[in-house]
Amino acid sequence: ASKSPIQSIVKETHSTIHSKPSSAPPASLERVVFNTEHIWKNDVLNSVTPRGSISDHHKVVLVTGAAGFVGTHVSLALKRRGDSVVGLDNFNRYYDPKLKRSRQDLLLNEGVYVVEGDINDMELLNRLFDTVRFTHVMHLAAQAGVRYAMKNPSSYIHSNIAGFVSLLEVCKSLNPKPAIVWASSSSVYGLNTKLPFSEEDRTDQPASVYAATKKADEEIAHSYNHIYGLSLTGLRFFTVYGPWGRPDMAYFEFTKNILKGKKITVFQGPGGVSVGRDFTYIDDVVKGCVAALDTAGKSIGREGKRKGLKAPLRVFNIGNTSPESVEKLVGILERLLKKKAMRDVQEMPKNGDVMFTHANISLAARELGYMPTTDLETGLKKFVEWYVDWIQKD
Ligand SMILES: O=C(O)[C@H]1O[C@H](OP(=O)(O)OP(=O)(O)OC[C@H]2O[C@@H](n3ccc(=O)[nH]c3=O)[C@H](O)[C@@H]2O)[C@H](O)[C@@H](O)[C@@H]1O
């Protein structure tokens, strides 16, 4: 008999899908006597239950960092096109968790459940993979932010390096193994002066611990591909912005402070040279992520390697290809907000920032069909509309 759609996705018998935990144990005993799997099991199974029939291309995706900025948008896009999606997020306090909870609500409304937990928790990861047969992992959980790495470097090692290895360790032991697409960063180009940045350019001069952890991840990805035959695709994102964005980023903080009539700090290079970024709009980034999943191929495992097969190991720039100065960004925000910014222009401190980023995207265009279509003005307009609405509801 052919399998029902849900049976090809979940690893349990059909009868358990709708069963609820009979009773909850006292909180203090939870870890000892209660199989905590039950806390999220039904929600996870509902989250992966396809809305319609399953196509040959149907993906079952675990999105880590799902309550994060990029994670939320990618989860929604996958769910809306009919894939099965489950999120994982530790809801840490790097920035206001209220925003993460609002993104979680948004996801839940669209049928995407986010499990609360850390990627370093291998027991939790194993339980998730025991419950659902994920075909893909979209790994976006990370400690982000370039300048915060000077304040708290170990949080970057914990999330970006240890967490990544913990995820890969779990994936390498599965059968079949999922394909993994994960977030690298434009910051790996570090002190490179050759522009625009191409994937084959050197990435051995990181300017921050954050960049160093993303570069380390690229090397770690190489080793897991080489030894365990995991399909791994790293996406070097270039300063992603848009609705539901991260409050620690310049465009978000500038908007907030301009509206409040507070000063904003605008960094400049030595001698008044303007600092520039290849600001990339979230919808374009999402298209890059989805295309990376669609073309990820398969993890072949050591077995496949013995047969002479190769699992994909890829890295792509996901940028906008038209860098703009921070000064220009501020000017656009002033126009959209109809309010003058109070600029405090300062020389860029040597705290991990680089002067300029610019992506060459020809590889992503060729292999992923990636082609960004949103200019900074259009993207910021959408951000400002969202922001104004969001703070009113807040
Ligand atoms: O491309 C990337 O991979 C990185 O993009 C962003 O990092 P960044 O480009 O530094 O983004 P912002 O923090 O929004 O800064 C944008 C620009 O504004 C400038 N800036 C920032 C803050 C500020 O108060 N004033 C100011 O002029 C920065 O120097 C930078 O040139 C993200 O924060 C990183 O997580 C991501 O990895």
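Residues numbered from 1 in each chain as written. Predicted model: local features only at pLDDT ≥ 70, side-chain atom pairs only at ≥ 80, totals over all residues. Heavy atoms only, no water.

1. Considering the packing of helix H12 (residues 326–337) against helix H14 (residues 376–393)
Running from amino to carboxyl end, H12 crosses H14 at an angle of 50°, the nearest separation of the two axes being 10 Å. With respect to their mutual orientation, H12 and H14 come out oblique. Here the hand of the crossing between H12 and H14 comes out right-handed. Two secondary-structure elements touch here, H12 through Leu329, Ile332, Leu333, Arg335, Leu336 and Leu337 and H14 through Leu376, Glu377, Leu380, Lys381 and Val384. Of the residues contributing to the contact of H12 with H14, the split by class is 8 nonpolar, no polar and 3 charged. (Axes fitted to C-alpha atoms, helices over the stretch in contact; angles between N-to-C directions. Helix = DSSP H or I, 4+ residues; strand = E, 2+ residues; numbered from the N terminus. Parallel < 35°, antiparallel > 145°, perpendicular 65-115°, else oblique. Left-handed = near helix turned anticlockwise from the far one by under 90°. Contact = heavy atoms within 4.5 Å. Nonpolar A, V, L, I, M, F, W, Y, C, P; charged D, E, K, R; others polar.)

2. Some points on helix H9 (residues 250–260)
For H9, the complete set of buried residues consists of Tyr251, Phe252, Phe254, Thr255, Asn257 and Ile258. Positive backbone phi, approximately 75°, marks glycine 261, located one or two places after H9. (Buried < 20%, exposed > 50% of the residue type's maximum accessible area, 1.4 Å probe, protein only.)

3. A word on the packing of aromatic side chains
Overall, the coordinates contain 23 aromatic pairs when judged by the stated rule. Measuring from centroid to centroid gives 4.8 Å for tyrosine 251 and phenylalanine 383, while their planes differ by 80°, and the two rings are edge-to-face. Separated by 132 residues along the polypeptide, tyrosine 251 in helix H9 and phenylalanine 383 in helix H14 bring together distant segments of the chain. The ring of tyrosine 95 is capped by lysine 100, whose NZ or CZ atom sits 4.6 Å from the centre of that ring. The ring of phenylalanine 91 is capped by arginine 101, whose NZ or CZ atom sits 3.6 Å from the centre of that ring. (Phe/Tyr/Trp six-rings, centres within 6.5 Å; stacked < 30°, edge-to-face > 60°. Lys NZ or Arg CZ within 6 Å of the ring centre and 35° of its normal.)

4. Some thoughts on the confidence of the model for the protein
Residues with a pLDDT of 70 or more make up 91% of the protein, whose mean pLDDT is 92. The element-level mean pLDDT for the protein is lowest in helix H2 (residues 30–33), coming to 40, with strand E10 (residues 280–281) highest at 99. When the criterion is pLDDT under 50, residues 13–35 qualifies, and its contacts beyond four places in sequence or with other chains add up to 27 contacts. Quick note on the complex model: pTM equals 0.93, ipTM equals 0.99. (pLDDT = per-residue confidence, 0-100.)

5. Remarks on the environment of proline 312
The residue proline 312 is located in the loop between helix H11 (301–306) and strand E11 (313–318) in this model. Given the relative accessible area of 22%, proline 312 is considered partly exposed. Separated by 43 residues in the primary sequence, proline 312 and methionine 355 have C-alpha atoms spaced 33 Å apart. When residues no more than four places from it in sequence are discounted, the contact partners of proline 312 are Asn225, Leu230, Ser231, Leu232, Ala296, Gly297 and Lys298.

6. A closer look at the nonpolar core
In this structure, Val70, Met138, Leu235, Phe237, Tyr251 and Ile318 are the most contacted members of the largest nonpolar core, which totals 71 residues. If one sorts the elements of this core by residue count, helix H10 (residues 282–294) sits on top with 8 residues. In contact with methionine 138, not counting residues within four places along its chain, are Val61, Leu62, Val63, Thr64, Val74, Val181, Leu235, Cys289 and Leu293. (Core = buried A, V, L, I, M, F, W, Y, C linked by side-chain atoms within 4.5 Å.)

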